[in-house]
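In case you want the letters, here they are:
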Amino acid sequence: MTSDELDPLIHVPTRLKIVATLAALPDGDALSFTRLQDMIGLTPGNLIIHLRKLEEAGYLSSEKTGNGSASRTTVALTKDGRAALDAYTEALRGLLGGL
Amino acid sequence: MSPTPDTTAGNGGSFGPEQAAALLDQTTHQARRKFQPNPPVLNVFRAIVVLVAFGGIWASVRGQHPYTGPSAWAITLAYVLIAIVIGWSASALRRAGAGVTGPTQRARNVGIGVLLVAWVLVYVFMGALYHAGVSHEIIYGLYPATAPLMIVGLVGAANAAGREDWPMVGTTLPVAIVAAIAAFGGPVNAWLIMGIGLCAAMLGAAAVAIWQQRRSVVRP
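The following refers to the structure shown. Quick caveat, the model's predicted, so the values are computed rather than measured.

A word on the overall build of chain B. From N to C terminus, chain B includes seven helices and one strand. Walking chain B from its N terminus toward its C terminus, one meets helices and strands in the order α-α-α-β-α-α-α-α. What you see for chain B is a C-alpha radius of gyration of 22 Å, clearly larger than the 17 Å of a compact globule of 220 residues, by over 25%. Here the C-alpha coordinates of chain B stretch approximately 80 × 30 × 30 Å along the principal axes. Across the 220 residues of chain B, 31% fall into the buried class. Within chain B, contacts between residues at least 6 apart in sequence are counted, and of these 72% link residues at least 24 apart.

Following this line, the structure appears as structure tokens:
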């Protein structure tokens, strides 16, 4: 097994941090954009780019509530996203075992 | 948290499996710690508080013949310490749950409400016992030493089991078990058994929380 076989969507430091952070929540729970940004330490623009890529792949879902300054966006890992992280972790284990 | 260099190309660049495993573990540990409503340091503080509070009450009732109940200073000390623990716990819960929404959070909030009602009802029942003329040994000794934490421990364990929050079940169920066993100690020694038993349970919960936070995601 080589590192090329790791899911390229997750195998990027920032996206790995996003997915790992959301995976630490119980299944079905969501995290606000602002708290995720605070925990990851990214600018809003940079975070949005990575979230969009993960959302397009079906790894996470986002929900926006309210309007204007009262609007609030939450993001959550989907079942596919959790399964992808599990598969990624398993692949990492395989790679590290073979090193 | 220091910003991590990103390789937005999507292939990870020079980001190797070793680095990925380290980052995955580090991020998971940090996230678990930040989402933890019962941090180990709080559980250690709770352990000290129960030992001092219950120990103080035990010292104040030791040697009473006939049994009249805990002294005012021991009750005041216990209430002050419990108020500090409640304040710290509420703050930790609010910090951990900031920005988090979903079924687990809703279930936790409902569970806290039920827990508070159970806590109040235990003392309402104590009033009924007093009204019925139950002895001081029971009403100012055995009952307040054991019943509130037995009931609250069981309600907390049931709530946590409903959320499949097994570490919390492992924290709350021993509280109820300790309370049931302490009742055999009688009106005086029940306080001491509760203090020591709860202290051990809280230290155990702190140890489990530390292990949970630090266990590796990648390396079994």
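Let's pick the thread back up.
What follows concerns the overall build of chain A. Along chain A, the regular secondary structure elements total four helices and three strands. Along chain A, helices and strands appear, N-terminal first, in the series α-β-α-α-β-β-α. Overall size of chain A, expressed as C-alpha extent along the three principal axes, is 50 × 25 × 20 Å. Considering chain A as a whole, with its 99 residues, one finds that 39% of them fall into the buried category. Expressed as a percentage of contacts within chain A between residues at least 6 apart in sequence, the contacts between residues at least 24 apart total 57%.

Moving on, we come to helix H6 (residues 166-182) of chain B. All names here are of chain B. The terminal C-alpha atoms of H6 lie 24 Å apart, and with 17 residues this matches the ideal 24 Å at 1.5 Å per residue to within 8%. All of the buried residues in H6 are Met-168, Thr-171, Thr-172, Val-175, Ala-176, Val-178, Ala-179 and Ala-182. Angularly, the buried residues of H6 cover 160° about the axis, an arc narrow enough to put them on a single face. On its buried face, H6 is in contact with helix H5 (136-162) and helix H7 (186-214).

For the rest of this paragraph, the subject is unusual backbone geometry. All names here are of chain B. Note that the residue after His-65, namely Pro-66, is joined by a cis bond; omega there is 0°. By the element assignment, Pro-66 lies in the loop between helix H2 (40-61) and helix H3 (72-97). Positive phi, normally seen in glycine, also occurs at Glu-164, with a value near 55°. Along the polypeptide, Glu-164 turns up in the loop between H5 and H6.

In this complex, chain A contributes 29 residues to the contact, which on the side of chain B involves 34 residues. Going through the elements one at a time, helix H1 (13-23), strand S1 (30-32), helix H2 (33-40) and helix H4 (79-98) of chain A are the ones with two or more residues in the side of chain A that touches chain B. Broken down by element, the side of chain A that touches chain B gets its largest block of residues, six residues, from H1 of chain A. Of the residues assigned to the side of chain A that touches chain B, the class counts are 15 nonpolar, ten polar and four charged. In terms of strand pairing, S1 of chain A meets strand S1 (residues 100-101) of chain B through two bridges, oriented antiparallel. Paired with Leu-31 of chain A across the strands is Val-100 of chain B, a residue of S1 of chain B.

Bringing the packing of H5 of chain B against H6 of chain B into the picture now. Residue and element names in this part refer to chain B. Look at H5 against H6: their axes get within 7 Å of each other, and the N-to-C directions meet at 155°. Considered as vectors, H5 and H6 are oriented roughly antiparallel to each other. For the pair H5 and H6, the crossing hand works out as left-handed. Of the residues in H6, those in contact with Ala-145, Thr-146, Leu-149, Met-150, Gly-153, Leu-154, Gly-156, Ala-157, Ala-160 and Ala-161 of H5 are Met-168, Val-169, Thr-172, Leu-173, Val-175, Ala-176, Ala-179, Ala-180 and Ala-182.

The rules behind the values
- Residues numbered from 1 in each chain as written.
- Chains lettered and ligands numbered in written order.
- Predicted model: local features only at pLDDT ≥ 70, side-chain atom pairs only at ≥ 80, totals over all residues.
- Helix = DSSP H or I, 4+ residues; strand = E, 2+ residues; numbered from the N terminus.
- Rg over C-alpha atoms; globule rule 2.2 N^0.38 Å.
- Buried ≥ 20, exposed ≤ 12 C-beta atoms within 10 Å, placed from the backbone.
- Contact = placed C-beta atoms within 7 Å.
- Expected span 1.5 Å × (residues − 1).
- Arc of directions from axis to C-beta.
- Nonpolar A, V, L, I, M, F, W, Y, C, P; charged D, E, K, R; others polar.
- Pairing = 2+ DSSP bridges.
- Axes fitted to C-alpha atoms, helices over the stretch in contact; angles between N-to-C directions.
- Parallel < 35°, antiparallel > 145°, perpendicular 65-115°, else oblique.
- Left-handed = near helix turned anticlockwise from the far one by under 90°.

Nothing here speaks to function; it is all geometry.
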